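These are the residues of each chain, in order.
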Amino acid sequence: MTRANMREAEGPGPRGPVLDRRLLCRALAGLGAEALPRVSKAASREPSLAALAAAKGVVFGMALTREQVQEAPALARVALAEAAMLVPGNELKWGAVEPAPGRFDFVDADALVDLARSHRMQSRGHALVWHEALPAWIGTSPTRAEMSGALSRHIGALCGRYAGRMHSWDVVNEVIEPSGERSDGLRRTPFLGALGEDYIARAFSLAAEADPDAILTLNDYDLERDTEWQARRRAAMLDLLNRLIRRGVPVRALGIQGHLDPAKGPLDPEIFRSFIRAVASLGLSVFITELDITDRLLPGDIAARDQAAAETTRDYLTAVLAEPSVRMVVTWGVSDAYSWVDGNRRTRRTDGLASRPHLYDGAFRPKPLRAAVADAFRSAPARPIAR
Ligand code: 9MR
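Residues numbered from 1 in each chain as written. Predicted model: local features only at pLDDT ≥ 70, side-chain atom pairs only at ≥ 80, totals over all residues. Heavy atoms only, no water.

Quick word on the confidence of the model for the protein
The predicted coordinates of low-pLDDT regions are not to be read in fine detail. Averaged over all residues, the pLDDT of the protein equals 91, while 88% of them reach at least 70. Predicted confidence for residues 1-16 stays below pLDDT 50, and this span has 43 contacts to residues more than four positions away or in other chains. The low-confidence segment residues 37-43, where pLDDT is below 50, has 22 contacts with residues more than four positions distant or belonging to other chains. (pLDDT = per-residue confidence, 0-100. Contact = heavy atoms within 4.5 Å.)

Structure (structure tokens):
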């Protein structure tokens, strides 16, 4: 989290949805769903991103954390005004939610799911099985029996608790890593080590059993660019999806994270769209699950940087939204006041300037990036209404 960004002095940005200031004061009382601003999307001077997306059959959501909501009610206010879905950014990760074997702590996740529900918004779960953010008790090389038991208990508890309340779940996250010796391009993780590739099918079956209504999603990154590396990642992903579908595994959507980083290579819309079509031909929906932009190679000047980030994002969304299988767009954060990008040495800028990855600036004002997302929704073709 970058408190420095919050202090950043900036000129006024373009106008975004305007909300009742009284509600912000109530929000300062804390996170309790009743204390937070009850925001009327209809009261805004311009349509929310949720409304623009919904008009085209797309669900628009934002990820946020309980800590952010508590520290910055203005951030919650933006998310409640703009989005139709909230995604707990960290609260449902294994290490956060099951700190000791079989001991679950749902307090923070519940707060965000309740917040969404009390504003008639959807929630989505992130992420049941991921090699990061694991609790230490899992260890680096659990036995087959240990991992099998842990997986059933964990997925059963999370999907069971929120059954009927999650639009979708990221069941397995970041499974592809084709740099190793494995010809299938699967990432070596404690799950793969203990259970082999079958852990993926097991995770989806356990999730489907506990929550038959959630759209079960395989989620990954670096699937869009026209580079040899990302082409390998796309091929490994398509192979895996084919194997899963052939076996009748209940995977229903591919989540493409969408952490845009122009430094990673060019984007050829046709190559990316043909990958999305190949995924759709397996009967899957496609979700953009973690949209933001790493601006490490963009100019330092704020106006020029924001413009370049907006253009990159508009081009990206225009390409993906042209595909009717793309039914959801979620941003991985709300405001530049809080971002993972500056916390990671591979993504932060080298000139010491704070990154500007989000739709709203550090003072919670809309940026050109917000306008670019709105434009992309406005010009997207309509698709049948998604749930
Ligand atoms: O934004 C998240 C950051 O706050 C956490 O410290 C980190 C580790 O749990 O995860 C970040 O979110 C990641 C997401 O869960 C999966 N895709 C990549 C995201 C950015 O690193």
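More follows now that the structure is in view.
Quick notes on the pairing of strand β4 (residues 166-173)
Counting buried residues along β4, 8 of its 8 residues qualify, which places the element largely inside the surrounding structure. Each parallel crossover has a hand, and the one from strand β3 (residues 122-129) via helix α8 (residues 144-161) to β4 is right-handed. Bridging between β4 and strand β5 (residues 215-220) involves 5 bridges; their strand directions are parallel. Across the sheet, the residue bridging to V172 is L218, located in β5. (Buried < 20%, exposed > 50% of the residue type's maximum accessible area, 1.4 Å probe, protein only. Helix = DSSP H or I, 4+ residues; strand = E, 2+ residues; numbered from the N terminus. Right-handed = clockwise from strand over helix to strand, strands pointing away. Pairing = 2+ DSSP bridges.)

Some details on the packing of helix α12 (residues 269-280) against helix α13 (residues 302-321)
At their nearest, the axes of α12 and α13 sit 9 Å apart, and the two run at 40° to each other. It follows from the interaxial angle that α12 and α13 lie oblique. Considering only the axes of α12 and α13, their crossing is right-handed. Along its contact with α12, which presents P269, F272, R273 and I276, the element α13 presents Y316, A319 and V320. Classifying every residue of the contact of α12 with α13 gives 6 nonpolar, no polar and 1 charged. (Axes fitted to C-alpha atoms, helices over the stretch in contact; angles between N-to-C directions. Parallel < 35°, antiparallel > 145°, perpendicular 65-115°, else oblique. Left-handed = near helix turned anticlockwise from the far one by under 90°. Nonpolar A, V, L, I, M, F, W, Y, C, P; charged D, E, K, R; others polar.)

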